[in-house]
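Fold and contact review
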Amino acid sequence: MNRSTLTPLHRRLVEQLVYFDEQRIPFLDLHFAGKQAERQKASQWLDQYVSTVESLLHETAGNTTSDLPRVVIGSQVTLHYVEEGYEEQLTICFPEQTDPDAGRISFLSPLGRQLLMHAVDDTLRLEMPMGTAEVIVRAIRFVDW
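Rules of the game
- Residues numbered from 1 in each chain as written.
- Predicted model: local features only at pLDDT ≥ 70, side-chain atom pairs only at ≥ 80, totals over all residues.
- Heavy atoms only, no water.
- Buried < 20%, exposed > 50% of the residue type's maximum accessible area, 1.4 Å probe, protein only.
- Helix = DSSP H or I, 4+ residues; strand = E, 2+ residues; numbered from the N terminus.
- Arc of directions from axis to C-beta.
- Phe/Tyr/Trp six-rings, centres within 6.5 Å; stacked < 30°, edge-to-face > 60°.
- Lys NZ or Arg CZ within 6 Å of the ring centre and 35° of its normal.
- Core = buried A, V, L, I, M, F, W, Y, C linked by side-chain atoms within 4.5 Å.
- Salt bridge = Lys/Arg side-chain N within 4 Å of Asp/Glu carboxyl O.
- Pairing = 2+ DSSP bridges.

Looking up the protein chain in an unreviewed UniProt entry gives the name GreA/GreB family elongation factor, with the organism given as Brevibacillus thermoruber.

This is the structure in structure tokens:
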């Protein structure tokens, strides 16, 4: 696959696959040092994430829109809070790109981890510091910032 002919979405997905292939051990060492049980779970979770990204590359081939069927790193997710009746948009990003004021949260954050790999119309019970909240994933779109 020639990277120069890829859409921005597909280029980013391929970059993520390359990153997690080449940087898996340093990534786990950095974020899960001294936490063997968490590291093992994170490693399995990364395997699942990589599989999801590989599937998305095939599912979205020829797609010219920025809509995505699943939440991945680089997704802007529109959440509908059922009890409160409001919507919020969050962008899932790598830890070094986090900017809460701009709505960018790390995929390693508790909220980011809970959202990653979910689909449009999924109903989730999110565990947050102030309690739980039932949300519906209303939209997922790729953002290239």
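Among all positions in helix H2 (residues 24-32), only Arg 24, Phe 27, Leu 28 and Phe 32 are buried. The arc that holds every buried residue of H2, seen down its axis, measures 95°, which confines them to one face. A positive phi of about 75° marks Gly 34, the residue just after H2.

On to the packing of aromatic side chains. Under the criterion given, the structure shown has 11 aromatic pairs. Seen from their ring centres, Tyr 81 and Tyr 86 are 4.7 Å apart, and the 10° between their planes marks the pair as stacked. Tyr 81 gets classed as buried once you look at its relative accessible area, which sits at 3%. Judged by relative accessible area, which is 39%, Tyr 86 ranks as partly exposed. Pairwise contacts between aromatic rings join Tyr 19, Phe 20, Phe 27, Trp 45, Tyr 49, Phe 94 and Phe 107 into one cluster. Lying over the aromatic face of Trp 45, Arg 113 brings its terminal NZ or CZ to 5.7 Å of the ring centre.

So, on to the nonpolar core. Residues Phe 20, Leu 79, Phe 107, Leu 115 and Leu 116 are the most contacted members of the largest nonpolar core, which totals 42 residues. Of all elements in the fold, only helix H1 (8-22), H2, helix H3 (36-59), strand S1 (75-81), strand S2 (86-93), helix H4 (110-115), strand S4 (123-128) and strand S5 (131-142) reach the threshold of two or more residues within this core. Among the elements that line this core, the one with the most residues is H3, at eight residues.

To continue, consider the pattern of salt bridges. Overall, the coordinates contain five salt bridges when judged by the stated rule. For the salt bridge of Arg 39 with Asp 29, the shortest nitrogen-to-oxygen distance reads 2.6 Å. On the criterion of sequence distance, the pair formed by Arg 39 in helix H3 and Asp 29 in helix H2 is long-range, its members being 10 residues apart. Across the salt bridge formed by Arg 104 and Asp 99, the nearest N and O atoms sit 3.8 Å from each other. Among the residues examined, Arg 104 registers a relative accessible area of 22% and is labelled partly exposed.

This next bit is on the pairing of S4. Across the two faces of S4 the burial differs, with Leu 124, Leu 126 and Met 128 buried and Thr 123, Arg 125 and Glu 127 not buried at all. Where S4 meets S5, six bridges bridge the pair, whose relative direction is antiparallel. Across the sheet, residue Leu 124 finds its bridge partner in S5, namely Val 135. Where S4 hands over to S5, the hairpin turn is made up of two residues, counted between the paired strands.

Moving on: unusual backbone geometry. Phi angles above zero are rare outside glycine, and Met 117 is one such case at about 80°. Mapped onto the secondary structure, Met 117 falls in the loop between H4 and S4. If you check the backbone angles, Asp 121 has positive phi at about 80° while not being a glycine. Looking at where Asp 121 falls in the secondary structure, it is placed in the loop between H4 and S4.

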